[in-house]
Amino acid sequence: MQMSQPVNIPLSETAEPSSAGAFWRHDPPYHLFLLTSLAFAITAGFTLAILAPLSMALEWGWGRHYLPLTQAHGQVQVLGFVALFIIGMAYRLMPRFSGRPLTPRLLAWASWPMLSLAVVLRLIAQPAGEGLWQRTLLVSSGCLGMLAATAFALVVVGTLMHRQSRAEATGYFFVLAAAFFVLQAGINLALVVLAAQRGEDVIRATEAAGLLHVQFYGFIAMFIFGVASRAIPTISGLPRPQIQAKAVALALAAAVLVYTVASLWIGSGSRSEALVRTEAVSFAALGPIFLAGVWVVGIFRPAANRLAGASQHHIWLIRAAFAWALISAGLSAYYGVRASAGGDFLPVFGVDAVRHAAGVGWATTMIAGMAMLILPEFAIRRTRHPTERWPALTILVLLSMAAALRVAVAVAAAQWPDTDRYWPMAAGGMLAEGALLLFAALFVVSLWQKQSIVASIPLRPAGK
Ligand code: HEM
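The rules behind these values
Residues numbered from 1 in each chain as written. Predicted model: local features only at pLDDT ≥ 70, side-chain atom pairs only at ≥ 80, totals over all residues. Heavy atoms only, no water. Donors = N, O, S within 2.8 Å, 3.2 Å for Na, K, Ca; no water. Tetrahedral: all angles 85-135°; square planar, octahedral: opposite > 155°, others 65-115°. Helix = DSSP H or I, 4+ residues; strand = E, 2+ residues; numbered from the N terminus. Buried < 20%, exposed > 50% of the residue type's maximum accessible area, 1.4 Å probe, protein only. Phe/Tyr/Trp six-rings, centres within 6.5 Å; stacked < 30°, edge-to-face > 60°. Lys NZ or Arg CZ within 6 Å of the ring centre and 35° of its normal. Near = heavy atom within 4 Å. Polar contact = N/O pair within 3.5 Å; in protein donor to acceptor, adjacent residues only side chain to side chain. Axes fitted to C-alpha atoms, helices over the stretch in contact; angles between N-to-C directions. Parallel < 35°, antiparallel > 145°, perpendicular 65-115°, else oblique. Left-handed = near helix turned anticlockwise from the far one by under 90°. Contact = heavy atoms within 4.5 Å. Nonpolar A, V, L, I, M, F, W, Y, C, P; charged D, E, K, R; others polar. Core = buried A, V, L, I, M, F, W, Y, C linked by side-chain atoms within 4.5 Å. pLDDT = per-residue confidence, 0-100. Salt bridge = Lys/Arg side-chain N within 4 Å of Asp/Glu carboxyl O. Patch = residues over 30% accessible without salt bridge, like charges linked within 9 Å, V, L, I, M, F, W, Y side chains within 5 Å. Areas by Shrake-Rupley, 256 points an atom, 1.4 Å probe, with all protein chains shown as cover.

1. Some words on the coordination of the iron atom of the ligand
Then, in step 1: Taken together, His-73 (NE2) and His-356 (NE2) make up the full set of protein donors to the iron atom of the ligand, lying 2.1 Å away.
Then, in step 2: Taken together, the six donor atoms surrounding the iron atom of the ligand define angles of 88 to 180° at the centre, an arrangement classified as octahedral. Here His-73 is found in helix H4 (residues 66–98), whereas its partner His-356 is found in helix H13 (residues 348–374), with 283 residues between them in sequence. Each member of the pair, His-73 as well as His-356, carries the same accessibility label: buried.

The following block contains the structure:
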């Protein structure tokens, strides 16, 4: 069997349970998370990413519905698409790198319906206008999000913070990411309660900035660095970093906390110059921290190439993802330093550019690349189609173009005030939707094939 040696999971391991029923019972519950995540991305997150800019370019008159709908887009992408994917991958990876079973397993399962329902309620509540029903749904969504985040964090702590865990530096990233996931859920709950009390259908932008920062950099970036700093050195023939990786995790956590406190304080009405500067400096700090993170991951300084031929092109998705991490690093340093030097607030369009460089360019490309490299479903596909390159390369081109269009428009927005600028944004949304449709189709077909293989393996007699 031709497989990429260090990170691929041997087929014998994927086929361990000897019937389809046993497969669903014993395998970590990641399929459900991944499938739900892709369903949210395709039907809502990227669909709204096309419709919202089109509504501006074609003047559909969404008026006051534009903000609730783009906020729904943001939360579906962050929680429904990226977080569900990350949580599913975490449940698959944690037992493998820590040598410990998922504990408590029941909570791992419980986090799926809670988080999924939280996202669905948010999606219904935000465009529903203002009223008692809308407020009830919004607050219920916040409560469910909090319960889901607590369940996930308890599984991460229960699995990794154990004497026998071999999680090493990866454990730091995962535990911190889980802690930030609980923090964002707490902030989100407080903000939706506040919005409901005020009779509003959106979280105010000044208050949402801290929430989004925790979601993007405390949770998503932290988790990506955790996985990549473990998997990539193995592929690149580098020693697995320990002290440097822990330092990156702690520095990122500190920068995110400082920004969040400053931003929420500003959101509560303070206009203190010291707070405005602190917010800008901690935003700029993401630049050197991401740079250090990319160095620790080692994707651009390989000492060897330990990937088999059939996986060579998948690494291009990871390289592209980390090129976008460097672009977000440059943009956050630029906007942060400029704002702190002038004592100004961070520019809204600049923050939007950094978010989309991280959300589309880095996180979405990383999700596709890492899944294709390490999930057993894709390993089976590689054994059947060892020379197939077009799916990974098509996804790479579509996502790179989507991210470039989305980020370029945000960077140019200050000099390009008219609504024409929404056309390239909508085009970016369509390209990203296309990439996700292709990725999801490949995953579903591969999952189906894997299940048929597992179901065809004869049952072993007990005790053998
Ligand atoms: C190419 C794909 C995408 C397009 C075209 C797009 C488009 C948009 C648009 C038009 C807005 C509103 C901006 C404004 O009017 O100020 C927005 C906001 C946002 N987007 Fe995206 N987006 C895309 C992908 C993503 C992804 C993948 C994520 C997250 C992983 C994401 C997260 C957000 C967030 C958090 C907001 C801010 C919402 C808020 O104000 O609370 N987007 N996006």
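From this point, things continue past the structure.
2. Observations concerning the packing of aromatic side chains
Then, in step 1: The final tally for this structure, using the stated rule, is 21 aromatic pairs.
Then, in step 2: Ring centres of Phe-46 and Phe-81 lie 5.8 Å apart, and the angle between their planes is 70°; on these two criteria the pair is classed as edge-to-face. Here Phe-81 lies in helix H4 and Phe-46 lies in helix H3 (residues 30–57), a separation of 35 residues in the sequence.
Then, in step 3: Between the aromatic rings of Phe-225 and Trp-362, the centroid separation amounts to 5.2 Å while the plane-to-plane angle is 65°, which identifies the pairing as edge-to-face. Linking Phe-225 in helix H8 (residues 205–236) with Trp-362 in helix H13, this pair joins segments that are 137 residues apart in sequence.
Then, in step 4: Exposure remark for Phe-225: the relative accessible area of 1% places this residue in the buried category.
Then, in step 5: Connected via pairs of aromatic rings, a cluster forms that spans Phe-216, Tyr-217, Phe-225, Phe-290, Phe-322 and Trp-362.
Then, in step 6: Geometry around Trp-295 places Arg-301 over its ring, the cationic atom sitting 4.0 Å from the centre.
Then, in step 7: Sitting above the plane of the Trp-316 ring, Arg-319 keeps its charged end 4.6 Å from the centroid.

3. Side note on the site of the ligand
Then, in step 1: Residues in contact with the ligand amount to 19 residues; listed here are only the nearest, Tyr-66, His-73, His-356, Arg-406 and Met-425.
Then, in step 2: Tyr-66 has a polar side-chain atom sitting 2.7 Å from an oxygen atom of the ligand.
Then, in step 3: For the ligand, a nitrogen atom lies 2.9 Å from a polar atom in the side chain of His-73.
Then, in step 4: Within the residue set of the shell around the ligand, elements represented by two or more residues are H3, H4, H8, H13 and helix H16 (422–456).
Then, in step 5: With seven residues, H4 is the largest single contributor of residues to the shell around the ligand.

4. Quick word on the packing of H8 against helix H11 (residues 286–297)
Then, in step 1: Relative orientation of the contacting elements H8 and H11 amounts to 20°, with a least axis distance of 8 Å. One finds that H8 runs roughly parallel with respect to H11. For the pair H8 and H11, the sense of crossing is left-handed. Contact with H8, carried on its side by His-213, Tyr-217, Ala-221, Phe-225, Ala-228, Ser-229, Ile-232 and Pro-233, involves Leu-286, Phe-290, Gly-293, Val-294, Val-296 and Val-297 of H11 and no other residues of that element.
Then, in step 2: Here the contact of H8 with H11 is composed, by residue class, of eleven nonpolar, three polar and no charged.

5. What about the nonpolar core?
Then, in step 1: If you look at the biggest cluster of nonpolar residues, it comprises 143 residues, and the most contacted ones within it are Met-94, Phe-174, Phe-322, Trp-362 and Ile-395.
Then, in step 2: Per-element accounting of this core gives the leading share, 18 residues, to H8.
Then, in step 3: Residue contacts for Trp-362: discarding those within four places in its chain leaves Ala-221, Ile-224, Phe-225, Phe-290, Ala-321, Phe-322, Trp-324, Ala-325 and Ala-357.
Then, in step 4: Membership of the second largest hydrophobic core comes to ten residues, among which are Ala-52, Trp-62, Ala-72 and Met-425.

6. Examining the confidence of the model for the chain
The predicted coordinates should not be examined in detail at positions where pLDDT is low.
Then, in step 1: On average, residues of the chain carry a pLDDT of 91, and 92% of them reach 70 or more.
Then, in step 2: Across residues 1–24, where pLDDT falls below 50, the model places 64 contacts with residues more than four positions away in sequence or in other chains.

7. Structural notes on the pattern of salt bridges
Then, in step 1: Applying the stated criterion across every chain, the model contains ten salt bridges.
Then, in step 2: We note a salt bridge from Glu-377 to Lys-450, for which the minimum N-O separation is 3.3 Å. One end of the pair, Glu-377, is in helix H14 (residues 376–384); the other, Lys-450, is in helix H16, and 73 residues separate them in sequence.
Then, in step 3: One connected set of salt bridges, linked through shared partners, spans Arg-198, Glu-200, Arg-204 and Glu-207.

8. Here we look at a nonpolar patch on the surface
Then, in step 1: A cluster of nonpolar side chains, contributed by Leu-51, Leu-58, Trp-60 and Trp-423, occupies part of the molecular surface with about 380 Å² of accessible area.
Then, in step 2: Its location among the elements puts Trp-423 in helix H16.

9. Brief notes about unusual backbone geometry
Then, in step 1: The omega torsion of the bond from Thr-103 to Pro-104 falls at -10°, within 30 degrees of zero and hence cis.
Then, in step 2: Mapped onto the secondary structure, Pro-104 falls in the loop between H4 and helix H5 (105–125).
Then, in step 3: A positive phi is found at Glu-59, a non-glycine position, where the angle reads about 50°.
Then, in step 4: For Glu-59, the position within the fold is in the loop between H3 and H4.
Then, in step 5: Relative accessible area serves as the criterion here: at 63%, Glu-59 is assigned to the exposed category.
Then, in step 6: Positive phi outside glycine occurs at Glu-168, with the angle close to 50°.
Then, in step 7: Along the chain, Glu-168 turns up in helix H7 (residues 168–198).

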